[in-house]
Amino acid sequence: MSKKITVAVSVALVLIVAAIGIFFYSSKKITVAFYNIGEKQKREITATIEKTLQKKNFTINTIEFKPSVPLSEQITRKNMPDILFTLSGYSVQESVEIAKLNLISPKITSGMTSSMRTAIIQKNGKSAALPILSSHFELDIDLQEFQNSETKQVNTWSDVEKFMREQKRRKEFPLVFAGGNPDFLLTLLGALAESIDGIDSYTAAVKILKEEESPAKAAEKLCDEPDSPLATSIRQLKSWYKQGFIHPGVFSFQQNDTEAFASNKLSSVMILSLEDHRNTPQETISRYTSVFFPSTIVSSLRAFTGNTYYAVPTKNSYKTKNFLKELVSTETQESLSRATGLAPVLNQCRTPDKQADDARYWITATTAPLAGLSQEVSLSKETKKLLAAEIAARIKQ
C-alpha cells in the first residue's frame, strides 16, 4: 500500500514540476503579430524588441496576418498573440475589436506628445491601442536649387508653385512622385485636401469611400462637384500637370522612378512618405530638405497625414502590461526610432537625426495624424487601382 502511495506521490510531483516548467517557459515567452505593416518596418521593429526582451530573459515568437484578409477571419484563440502591431486607419480599428482593455495605464503615456496621446485609440471609453511610432507625408526640395532660387520660403502652395516655375526653366519636369501607386495617389489627394481645405474635406472623402462601393461612382462623388471633398486637390494637380511641372507619365511612376529622377537631378521637388524617404539612397536624399505640406490654416487646426504605428494588447496578462510599458520607455523609443528612422512618440528622447526630430515636432504642433485615404478604408487592390485610374484620368483631362 505504501509503495502505491509513494508511486502516486512521485507521479504527482513529476506532473507538478512539468506544469511549473511549462508555465514558466510560457510566461517568459511573448508572441507578437503584425497586421498590415511593411516588410522593412516589421523587420526593424522585430529586431529592436528582440534585443529589448533578451535583456529581460524573454524569448519572442512572431506571427504575420495577411493585410488582404480581414483580421477577424484570421485570428483565433490558438494563434492569439500577446501584442498585435498594426497601422492607423482600418487596420487598427479592426484590431481594437479584439483588444484587452485596462492594460494601457495613463502612467505610461504621460511622457508622450499631446498629439500622440490624442492618437490613443479608445474602446468603450478605455484605451485599446497604444501609438509607438509615427510617420508623415512630406515635400522634399533640392536644397541647393532652393538656395539659388528667388523663392525664400515655403509657407504656402503658392510658394511651392513659384519655386517650380523657376525650376521649369532649368528642368523639364521639376515635380515628381509615385503617381502609379494607387495607395500613394489616394494618400496624396487626401493630404492635399487637408492642407488646402481642412480636415472636414478629408473626413468627407473618407465617408464617401466607406459608403460607395463602385470606383467610378466614388470618383464622381469625390471629384466632380465644386464642393466635392477632393475637387480642390484635383484642380491643383491638374494645374501643375497643364503647366508642365509634372511629367506626363507620372501616373505610371513607382517609387523607383521617383528616386531615378532625383538621383539624375531631373527634378527639384519630390513628394514622399517618411518611409520612402528612408528607403531613398543617402547619396540622393542628402541633397534634399524636407518640409511639411504647407497651408494657410493655423497649425492647431491641422492634422498631417502619415502612418501611426500601434501596439494593441490582445491578451490580458502581467507580461503584456509590462511589455506595453517597455515599448514607450525612453530606451526602447530611442531604439525603435533609430532602427526605423520614424518619429518617436515621446516628448523627451533622442532621435537618430533631424529628419525624425522634425517629424515629431511637426506632429506635436498639430494633432493626431491622419492615416491617409488609402488606409482609412479596407479596399481591395483592384478597387484602389480602378479608383486611382478614374482620378488620374480627371487630372490629365
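Residues numbered from 1 in each chain as written. Predicted model: local features only at pLDDT ≥ 70, side-chain atom pairs only at ≥ 80, totals over all residues. Heavy atoms only, no water.

A. Inspection of the packing of aromatic side chains at higher detail. For the structure shown, the criterion picks out 12 aromatic pairs. Relative to Phe 304, the ring of Phe 292 lies with its centre 5.1 Å away and its plane at 35°, an arrangement referred to as tilted. Taken together, the positions of Phe 292 in strand 9 (residues 288-292) and Phe 304 in the loop between strand 9 and strand 10 (308-313) put the pair 12 residues apart, joining distant regions of the chain. Residue Phe 292 is classed as partly exposed on the basis of its relative accessible area, which comes to 34%. Ring geometry for Phe 292 against Trp 362: centres 5.5 Å apart, planes inclined by 75°, an arrangement best described as edge-to-face. With Phe 292 in strand 9 and Trp 362 in helix 17 (residues 354-364), this pair connects stretches of sequence that are 70 residues apart. Ring-pair connections join several aromatic residues into one group, and the members of that group are Phe 137, Trp 157, Phe 177, Phe 184, Trp 240, Tyr 241, Phe 251 and Phe 293. (Phe/Tyr/Trp six-rings, centres within 6.5 Å; stacked < 30°, edge-to-face > 60°. Helix = DSSP H or I, 4+ residues; strand = E, 2+ residues; numbered from the N terminus. Buried < 20%, exposed > 50% of the residue type's maximum accessible area, 1.4 Å probe, protein only.)

B. Broad picture of the packing of helix 10 (residues 215-223) against helix 19 (residues 381-396). Contact pair helix 10 / helix 19: the axes reach a minimum separation of 9 Å and the direction vectors enclose 45°. Relative to helix 19, helix 10 is oriented oblique. The two elements helix 10 and helix 19 cross, and the hand of that crossing is right-handed. Two secondary-structure elements touch here, helix 10 through Pro 215, Ala 216, Ala 218, Ala 219, Glu 220, Leu 222 and Cys 223 and helix 19 through Thr 383, Leu 386, Leu 387, Glu 390, Ile 391 and Arg 394. Split into classes, the residues belonging to the contact of helix 10 with helix 19 amount to 9 nonpolar, 1 polar and 3 charged. (Axes fitted to C-alpha atoms, helices over the stretch in contact; angles between N-to-C directions. Parallel < 35°, antiparallel > 145°, perpendicular 65-115°, else oblique. Left-handed = near helix turned anticlockwise from the far one by under 90°. Contact = heavy atoms within 4.5 Å. Nonpolar A, V, L, I, M, F, W, Y, C, P; charged D, E, K, R; others polar.)

C. Inspection of the side chain of Glu 259 at higher detail. With respect to the helices, strands and loops of the structure, Glu 259 is situated in helix 12 (residues 255-263). There is no salt bridge for the buried Glu 259, and the closest opposite charge comes from Lys 40, which lies 11 Å off by N-O distance. For Glu 259, the contacting residues outside a window of four places in its chain are Asn 279, Thr 280, Pro 281 and Thr 284. (Lys, Arg positive; Asp, Glu negative; His and termini not counted. Salt bridge = Lys/Arg side-chain N within 4 Å of Asp/Glu carboxyl O.)

D. Layout of the environment of Leu 133. Counting through the fold element by element, Leu 133 comes out in strand 5 (residues 126-134). Taking relative accessible area as the criterion, Leu 133 reaches 0% and is therefore assigned buried. Separated by 174 residues in the primary sequence, Leu 133 and Asn 307 place their C-alpha atoms 8.4 Å from one another. Ignoring any residue separated from it by four or fewer positions in sequence, one finds Leu 133 in contact with Ile 45, Asn 307, Thr 308, Tyr 309, Leu 336, Ser 337, Thr 340, Leu 342, Ala 343, Pro 344 and Val 345.

E. Just helix 11 (residues 231-242), in detail. Under the 1.5 Å per step criterion, the end-to-end length of helix 11 is 16 Å for 12 residues, consistent within 8% with the ideal 16 Å. Looking at helix 11, one finds that the buried residues are Ala 231, Thr 232, Ser 233, Ile 234, Gln 236, Leu 237, Trp 240 and Tyr 241. The inward-facing, buried residues of helix 11 abut helix 7 (157-167), strand 7 (175-176), helix 8 (182-197), helix 10 and helix 19. One or two steps after helix 11, the chain reaches Gly 244, where phi turns positive at roughly 80°. (Expected span 1.5 Å × (residues − 1).)

F. Geometry of the packing of helix 11 against helix 19. Running from N to C, helix 11 and helix 19 cross one another at 55°; their axes reach a closest spacing of 8 Å. With respect to helix 19, the element helix 11 is oriented oblique. Side by side, helix 11 and helix 19 meet where Ile 234, Leu 237, Lys 238 and Tyr 241 of the first sit next to Ile 391, Arg 394, Ile 395 and Lys 396 of the second. When its residues are assigned to classes, the contact of helix 11 with helix 19 shows 5 nonpolar, no polar and 3 charged.

G. Highlighting the environment of Met 164. Looking at where Met 164 falls in the secondary structure, it is placed in helix 7. The class for Met 164 is buried, based on a relative accessible area of 1%.

H. Here's a closer look at unusual backbone geometry. The phi dihedral of Asn 102 falls on the positive side, at around 65°, and the residue is not glycine. Relative to the helices and strands, Asn 102 is located in the loop between helix 3 (90-95) and helix 4 (106-109). Classification of Asn 102 as exposed rests on a relative accessible area of 55%. Positive phi outside glycine occurs at Lys 265, with the angle close to 55°. Within the secondary structure layout, Lys 265 lies in the loop between helix 12 and strand 8 (269-273).

These values are about where atoms sit, not about what they do.
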